[in-house]
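# Architecture and fold: a report
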Amino acid sequence: MQTDIDPRNLIGRKAFDLHGTKLGTVDEVYLDDATGVPEWAAIRTGLFSRDAFVPLEPSELVAGTLRVPFERGLIRDAPDFGVGRHLSPEQELQLYHHYGLNIAAPGSGTPPDRDFGRIAGTAEEQRPSDDG
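A brief structural summary. (Residues numbered from 1 in each chain as written. Predicted model: local features only at pLDDT ≥ 70, side-chain atom pairs only at ≥ 80, totals over all residues. Heavy atoms only, no water.)

## What about the overall build of the protein?
When helices and strands are tallied, the protein shows two helices and seven strands. The 132 residues of the protein split such that 38% are buried. Considering only intrachain contacts with a sequence separation of at least 6, the fraction spanning at least 24 residues in the protein is 52%. Here the protein has roughly 7200 Å² of accessible surface; of this, 48% comes from carbon and sulfur atoms. (Helix = DSSP H or I, 4+ residues; strand = E, 2+ residues; numbered from the N terminus. Buried < 20%, exposed > 50% of the residue type's maximum accessible area, 1.4 Å probe, protein only. Contact = heavy atoms within 4.5 Å. Areas by Shrake-Rupley, 256 points an atom, 1.4 Å probe, with all protein chains shown as cover.)

## Points about the side chain of D17
For D17, the position within the fold is in the loop between β1 (14-16) and β2 (22-31). Buried within the structure, D17 lacks any salt-bridge partner; R72 is the closest side chain of opposite charge, at an N-O distance of 6.2 Å. At a separation of 2.8 Å, a polar atom in the side chain of D17 contacts the main-chain amide nitrogen of H19. Here the side chain of D17 touches T21 through a polar contact of 2.8 Å, landing on its backbone nitrogen. Ignoring any residue separated from it by four or fewer positions in sequence, one finds D17 in contact with L23, V68, F70, E71, R72 and I75. (Lys, Arg positive; Asp, Glu negative; His and termini not counted. Salt bridge = Lys/Arg side-chain N within 4 Å of Asp/Glu carboxyl O. Polar contact = N/O pair within 3.5 Å; in protein donor to acceptor, adjacent residues only side chain to side chain.)

## A word on the nonpolar core
Counting residues in each nonpolar core, the largest one holds 26 residues, and the members touching the most others are W40, I43, F53, L66, V68 and I75. Counting only elements with at least two residues in this core, the list comes to β2, β3 (38-44), β4 (51-55) and α2 (89-98). With five residues, the top contributor of residues to this core is β2. In contact with V68, other than residues within four places in its own chain, are F16, D17, L18, L23, I43, V54, S59 and I75. (Core = buried A, V, L, I, M, F, W, Y, C linked by side-chain atoms within 4.5 Å.)

## With respect to α2
Buried within α2 we find E92, L95 and Y96. Buried residues along α2 cover an arc of 100° about the axis, so they all sit on one side. Exposed residues pointing more than 90 degrees away from the buried face of α2 are listed as E90 and H97. Those residues of α2 that are buried lie in contact with β3 and β4. At the exit of α2 stands G100, carrying a positive phi of roughly 70°. (Arc of directions from axis to C-beta.)

## Let's talk about the environment of F81
Relative to the elements of secondary structure, F81 occurs in the loop between α1 (72-76) and α2. Spatially, the C-alpha atoms of F81 and F53 are 8.5 Å apart, while their sequence positions differ by 28 residues. Excluding anything up to four places from it in sequence, F81 contacts F53, L87, Q91, Q94 and L95.

## Focus: the pattern of salt bridges
Enumeration according to the criterion identifies three salt bridges in this entry. The partner of R44 in a salt bridge is D51, with the nearest N and O atoms 2.9 Å apart. R50 is the salt-bridge partner of D80, the closest N and O atoms lying 3.7 Å from each other. With D80 in the loop between α1 and α2 and R50 in the loop between β3 and β4, this residue pair connects regions lying 30 residues apart in the sequence. Residue classification places R50 among the buried positions, given a relative accessible area of 18%. Residues joined in a network through salt bridges with shared partners are D27, R44 and D51.

Printed below as a string of structure tokens:
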């Protein structure tokens, strides 16, 4: 995913799966606590007003929409942790495993030692105030 995009600009954008099927609308964006890089998006699927977490790393912003390279069924079956709360490292590991993504540090065989999952635009977020 392009990291130069303000993650708050993703909120409200339409999201589509691997086959171009509409998933819903981006409801929240979660940042890595250590790096501030956007890591997860919560997509309001419309199914029982549920949000599904999708990884942003393999996803792309194309023509103003979020393209998620997974099938709709896999996304709908993702663990549901609710939105508006911090994702714990354990919850993120569950999501990484669900999507078959490897988060191990290159060559180490173990997950990186970092904290995960704050929501973009929250008071916890520390950003340089150069955007005027």
